Amino acid sequence: MTIYLLAAFLLVLFSGYILGQSKARSIARTQGRLHSLPSYYGGYVAIWCGVPLVLLLLLWWVGEPVVLKSLVLDSFGERIQEMPPERLGMLYAEVRNTASGISGFQSSDPEVLEAAKAYQHYAQGSQWIQVAVFALVALGGLAFGWKRIRREFRARQSVERAFNIFLVLSSLIAVLTTVGIVCSLVFESIRFFELVPVHEFLFGLKWYPQIAIREDQAASAGAFGAIPVFGGTLLISFVALCVAGPIGLFSAIYFAEYADHRVRAVVKPALEILAGIPTVVYGFFAALTVAPLVREFGINLGFETSAQSALAAGLVMGVMIIPFVSSLSDDVINAVPQTLRDGSLAMGATQSETIKQVVLPAALPGIVGAFLLAISRAIGETMIVVMAAGLTAKLTLNPLENVTTVTVQMVVSLIGDQEFDDPKTLSAFALGLMLFCVTLMLNVIAVQVVKRYREKYD
Amino acid sequence: MTDPPPSNRRESNERVRRRYASERRFQWYGRLAMLLGVAVLAFLVLTVFSSGYSAFVRHQIGVEVFFDTDALGITAQSPVEELEQAEYLLLLRKNLFKMFPKIRKRRDRKQLLGLISSNSGGELRDLVVSNPAVLGTKQTVWVTSSSNVDQILKGNAPREIAEKSRLLGDKQLKWMDSLADEGRLRKKFNPYFFTRGDSRAPEMAGIWGAILGSFWALMVCLLLSFPLGVAAAIYLEEFAPKNRWSELIEVNINNLAAVPSIIFGLLGLAVFLNFFGVPRGTPLVGGMVLSLMTLPTIIIACRSALKAVPPSIREGAMGMGASPMQVVLHHVFPLALPGTLTGVIIGLARALGETAPLLMIGMFAFVVDLPGGLLDSATALPVQIYLWAESSERGYVELTAAGIMVILSFMVVMNSIAMYFRKRFERRW
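## Here's the deal with the overall build of chain A
Right, on to step 1. Of regular secondary structure, chain A possesses 15 helices and 2 strands.
Right, on to step 2. Relative to a compact globule of 458 residues, whose C-alpha radius of gyration would be 23 Å, chain A shows 32 Å and is clearly more extended.
Right, on to step 3. Taken along its principal axes, the extent of the C-alpha atoms in chain A is 85 × 80 × 35 Å.
Right, on to step 4. With 458 residues in all, chain A has 45% of them scored as buried.
Right, on to step 5. Across chain A, every contact between residues at least 6 apart in sequence was considered, and the portion connecting residues at least 24 apart equals 72%.
Right, on to step 6. Working note: accessible area of chain A is about 23400 Å², and carbon and sulfur atoms make up 66% of it.
Right, on to step 7. Both charge centroids of chain A, one from 32 positive and one from 33 negative side chains, sit 17 Å from each other.

Right, dumping it as structure tokens:
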């Protein structure tokens, strides 16, 4: 169905274009030179066909369900007068399921059956009306655009103006996305904080998001203290940074200061592959290979080691963020002016002394920025921890225990049944809001740090 | 580093020696760090390949089947619907029991059935439907073995351990060996892996459904993010006045590129699913979410490609009387297209590997049927890998690794295309 609609839409556009162009050509033949090229007249007509259609389609998408619902529910008469809106929604869903016969659903209520028939009737009618209205609008737009074509009509300006509007609108998508992210996170979080007080979420030390099945169950209310969850995230990120920091920094130093051209050309892209590997692959690697190794190692040393230790997840996550540290540090080390190095070498320092005492201090802000970006990446990483870290929130500093992270809890609370009046589901949005704020802050700080440093030497 | 007095010559030499040793040590730290990174990469790839390659073959058991028309209740002339409805699994079981006449006990027979795949009735059905002439004849049919047999034969699961922790019982092993001795056990290429959707039986599960799901989602992603991203880049680079508003948009785009992917999943859940009512778990909504994530990549790539086009092109076109829009669309953008396409492909490759946002919008259902369009319930490649990785049965491990091999090869191909574009069409002015 959608394919046919799309084909019809394209056909209308194309015919509008052809008609406009041919009229422009014939005017040019009889009355002399046009103001714009013929193709602009074609484009003008096509825009007049297409834009109203698209707007109408959007209107239809929003409006049709509303109109249908009120029409169908009217048939219930008195019965729905004092119904709460949720019940009304359920009733309407029942009618729709009965009408479409999804998985053989059939209501026993005769009134619902009646309403389902009415629904089918209206839905079919609506489809016909839709086709008629759309055809009318398309033809109207075509006729309007076509009529306006004259010899002196400035078609190019009109088309360019329309295109310019399209360009502006698309550049707004990025802003809209951010607004959408912030709004959805904030609104759902507000709903969450109506159920769970803000201070309990921010400062609580217990995280038991389960739903009570029985009233008298232990911890039936659930507890939503985010501190252990964030503690777990920080622990794993810290382990990751302990891996990625030295490896990334030292390889960046080697690339920038020592490696000859060929080594750099081979090894640098190889390290960057690490950033391109899907995180689910790292998750598999962590869960299947690294976690058992860590566990065995820990037990051999006489420590109690969990099968889903923070260490395993952190190690693998560290591997993932090596390229972030190394390529960013490489950039900033390369940006240190050569004159500083030359000065130090001329004073008799060895190359490593130059690096340690001159280059690194000069590049330090940039390196700090790189580390911050890597941490923000580690905090927001999901799949590795979902597959390799634990589910129970524990406030601990021992990397051999299993901990949970913000992203794991978000996935856990949204996979499965979602009920948007249940704190468990809504907690994902509150955690998401925190995550968004933290990563945004880290990024802004990192960018500022790097920027300020760059200005110093430029 | 002051000059040492002559009397301290030896001390000075010693100090220089130490400094050079420290220099060499420092160099070795760098080499070691670099090698460690590469070694981990190699180890990762090796792990995946060594545990995944065996999924491309499967074991089959040759069962002597008499296609009894009475037992099946159909003939070669029956319409296809009747052919499809017949009880093939029952027939297969009967014939399998006939091959082991000594096994009489109910419990043993049940164990015997553990050698063949529980879905192998379907294989018989496909054989009959494609060639009804076999009805009434006796044939050797190669049916897929159960995952347990397969795993033990491939050596993925240990054989020489206590019966309790082994995948197959002692008796089952004995029967399996006797089948092997009779030449009724063979190893063949596993076509199911490349042609089927997910399955509850590891030996019947395939990656094709997930590939299709990813394909549809990436199509949506491409169709949305390419035009929008290019348009936004053109506006910001060529037309936008340099004021606070355009600066805000720019900062915004850079920040979006750094937002954790799972947040985009929340956005899709709250806005696309709950607010706009896009059907849940479909490639359509998956593609929409992925396109929001790809957009910053494309915008940034397209802008830098536009920036690289020298001003002389613009001035030349302007001098010939082109309008600003014509300058950009007819002259500047075509020259920036290769760079843009490189960015698009890299963005799509990244979108292909994204898992977390797809989990949020419900693309993690157990989907057996191959998705045929944008509104069919579907999974995507990385989500399928995740689902298999979470399954506890032994047979899914090799599937997970093989799925990873598939996704990695897609990414290698996409990135090579991007690199080819860059090399082939890159112009230095």
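## A look at the side chain of S189(A)
All names here are of chain A.
Right, on to step 1. Relative to the assigned elements, S189 resides in helix α5 (residues 155-195).
Right, on to step 2. A distance of 2.6 Å separates the side chain of S189 from the backbone oxygen of L185, its partner in a polar contact.
Right, on to step 3. Beyond its immediate sequence surroundings of up to four residues, S189 is in contact with F429, A430 and L433.

## Here's the deal with the pattern of salt bridges
Residue and element names in this part refer to chain A.
Right, on to step 1. Applying the stated criterion to the full structure yields 21 salt bridges over all chains.
Right, on to step 2. R156 is the salt-bridge partner of E160, the closest N and O atoms lying 3.2 Å from each other. On the criterion of helical spacing, the pair formed by E160 and R156 is a turn pair, its members being 4 residues apart in helix α5.
Right, on to step 3. When the shortest N-O distance is used, the salt bridge between K394 and E401 registers 3.2 Å.
Right, on to step 4. Three or more residues are tied together by salt bridges with common partners; here these are R264, K268 and D330.

## Observations regarding the domain arrangement of chain A
Right, on to step 1. Once the domains are mapped, chain A shows domain 1 (2-153) and domain 2 (223-457).
Right, on to step 2. Summarising the inter-unit geometry, the C-alpha centres of domain 1 of chain A and domain 2 of chain A are found 50 Å apart.

## Overview of the packing of helix α10 (residues 208-239) of chain B against helix α15 (residues 324-353) of chain B
Residues and elements named next belong to chain B.
Right, on to step 1. Contact geometry of α10 with α15 gives a least axis separation of 9 Å together with a crossing angle of 140°. As summarised for this structure, α10 and α15 are arranged oblique, according to the angle between their axes. Considering the relative orientation of α10 and α15, their crossing is right-handed.
Right, on to step 2. The class makeup of the residues in the contact of α10 with α15 is 19 nonpolar, 2 polar and 1 charged.

## Some details on the sheet that holds strand β1 (residues 57-66) of chain B
Strand pairing in a sheet is mediated by backbone hydrogen bonds. Such pairs are either parallel or antiparallel.
Residue and element names in this part refer to chain B.
Right, on to step 1. Strands sit in the order β2-β1-β3 across an open sheet of 3 strands; the sheet is antiparallel. The sheet is open, and its two borders are formed by β2 (138-144) and β3 (185-189), each paired with just one other strand. Each strand of the sheet is rotated relative to its neighbour by a mean of 40°, with strand direction disregarded.
Right, on to step 2. Direction of pairing for β1 relative to β3: antiparallel, over a ladder of 5 bridges. Note that in β3 the partner of R58 across the bridge is K188.

## Some words on the domain arrangement of chain B
Residue and element names in this part refer to chain B.
Right, on to step 1. What the domain assignment lists for chain B is domain 1 (6-53), domain 2 (55-203) and domain 3 (208-425).
Right, on to step 2. The straight-line distance from the C-alpha centre of domain 1 to that of domain 3 is 39 Å.
Right, on to step 3. Taken together, the contact between domain 1 and domain 3 spans 5 residues of the former and 5 residues of the latter.
Right, on to step 4. Together, the buried faces of domain 1 and domain 3 total about 470 Å²; carbon and sulfur atoms form 84% of this surface.
Right, on to step 5. Among the residues of domain 1 in contact with domain 3, V48, S51 and G52 are the three that bury the most area, contributing 70% of the side total.
Right, on to step 6. Linking domain 1 to domain 3 there are 0 salt bridges.
Right, on to step 7. For the side of domain 1 that touches domain 3, the per-class residue count stands at 3 nonpolar, 2 polar and no charged.

## Side note on the nonpolar core
Right, on to step 1. In this structure, I181(A) and Y282(A) are the most contacted members of the largest nonpolar core, which totals 181 residues.
Right, on to step 2. Tallying contributions element by element places helix α7 (residues 227-258) of chain A first for this core, with 15 residues.
Right, on to step 3. Not counting residues within four places of it along the chain, the set of residues in contact with I181(A) comprises F436(A), L256(B), V259(B), I263(B), F264(B) and L267(B).
Right, on to step 4. In this structure, Y88(B), I116(B), V143(B) and M176(B) belong to the second largest nonpolar core, which totals 34 residues.

Rules and cut-offs
- Residues numbered from 1 in each chain as written.
- Chains lettered and ligands numbered in written order.
- Predicted model: local features only at pLDDT ≥ 70, side-chain atom pairs only at ≥ 80, totals over all residues.
- Heavy atoms only, no water.
- Helix = DSSP H or I, 4+ residues; strand = E, 2+ residues; numbered from the N terminus.
- Rg over C-alpha atoms; globule rule 2.2 N^0.38 Å.
- Buried < 20%, exposed > 50% of the residue type's maximum accessible area, 1.4 Å probe, protein only.
- Contact = heavy atoms within 4.5 Å.
- Areas by Shrake-Rupley, 256 points an atom, 1.4 Å probe, with all protein chains shown as cover.
- Lys, Arg positive; Asp, Glu negative; His and termini not counted.
- Charge placed at Lys NZ, Arg CZ, Asp CG, Glu CD.
- Polar contact = N/O pair within 3.5 Å; in protein donor to acceptor, adjacent residues only side chain to side chain.
- Salt bridge = Lys/Arg side-chain N within 4 Å of Asp/Glu carboxyl O.
- Domains from an automatic or database assignment.
- Axes fitted to C-alpha atoms, helices over the stretch in contact; angles between N-to-C directions.
- Parallel < 35°, antiparallel > 145°, perpendicular 65-115°, else oblique.
- Left-handed = near helix turned anticlockwise from the far one by under 90°.
- Nonpolar A, V, L, I, M, F, W, Y, C, P; charged D, E, K, R; others polar.
- Pairing = 2+ DSSP bridges.
- Buried area = accessible area lost by both parts, 1.4 Å probe.
- Core = buried A, V, L, I, M, F, W, Y, C linked by side-chain atoms within 4.5 Å.

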